[in-house]
Amino acid sequence: MYPDDTGKDLAAVLSYLAGRTLSKEEIWTAMELPRSTYYDQLDKGTLITADNLRKAATNLGINRAELLTRYRFIDPEEITSLAEEISGSRSATSGTTAATKTPAKQTKISEMRPRADAPPL
C-alpha cells in the first residue's frame, strides 16, 4: 500500500517520486502556476489539489495515480480494485482476440453444404 503523504511537504514528495531534488521553480512550472500563485496557494494551504497534483505528475513524468493516492485523493483500495478489473477484462479480451486472429480452416467448395437451419432464398 502507498503511504499517506498528506502531512508531508509537496517538494519532498515530488522530489522523491521524480528521483531527484526539485527546485521550487521546477515545481511551480510543473504545476503550470505563476510564481505568485504558487506561493499564495502555499501560504493559504490550497496548493495541494487533485488538479495541481495531476499537472505536476504529468509534467514531471510521475505516475499520476500514485501521486493522487499518496495524497489520498484516490483511495488505495480503489486503485487495487481498478487494476484487478482491468487485468481481468484484458485477459478476457485478449483470449477472444487471439481466437479471432487465428486463421480458420478453409473449406473447399465441393465440401460445402447448405445449412439445415437456414431459411430458403
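Above: the structure in question.
Residues numbered from 1 in each chain as written. Predicted model: local features only at pLDDT ≥ 70, side-chain atom pairs only at ≥ 80, totals over all residues. Heavy atoms only, no water.

Student: Lay out the side chain of Thr69 in plain terms, naming residues and giving numbers.
Tutor: Looking at the secondary structure, you find Thr69 in helix H5 (residues 64–70). According to the relative accessible area criterion, Thr69 is buried, its value standing at 0%. Polar contacts involving the side chain of Thr69 include one to the main-chain carbonyl oxygen of Ala65, which spans 2.6 Å. (Helix = DSSP H or I, 4+ residues; strand = E, 2+ residues; numbered from the N terminus. Buried < 20%, exposed > 50% of the residue type's maximum accessible area, 1.4 Å probe, protein only. Polar contact = N/O pair within 3.5 Å; in protein donor to acceptor, adjacent residues only side chain to side chain.)

Student: A description of the pattern of salt bridges should follow, citing residues and the corresponding values.
Tutor: One pass over the full model with this rule turns up seven salt bridges. Put simply, Arg54 and Asp51 hold a salt bridge, and the shortest N to O gap is 2.6 Å. On the criterion of helical spacing, the pair formed by Arg54 and Asp51 is a turn pair, its members being three residues apart in helix H4 (residues 50–60). On the accessibility criterion, Arg54 (36% relative accessible area) is partly exposed. Residues Asp51 and Lys55 are paired through a salt bridge, measuring 3.4 Å at the closest nitrogen-oxygen approach. Placement of the pair is Asp51 and Lys55 together in helix H4, with a separation of four residues, close to one helical turn. Among the ionic contacts, a cluster of salt bridges with common partners joins Asp5, Lys8, Glu66 and Arg70. (Salt bridge = Lys/Arg side-chain N within 4 Å of Asp/Glu carboxyl O.)

Keep in mind that these numbers describe shape and distance, not what the molecule does.
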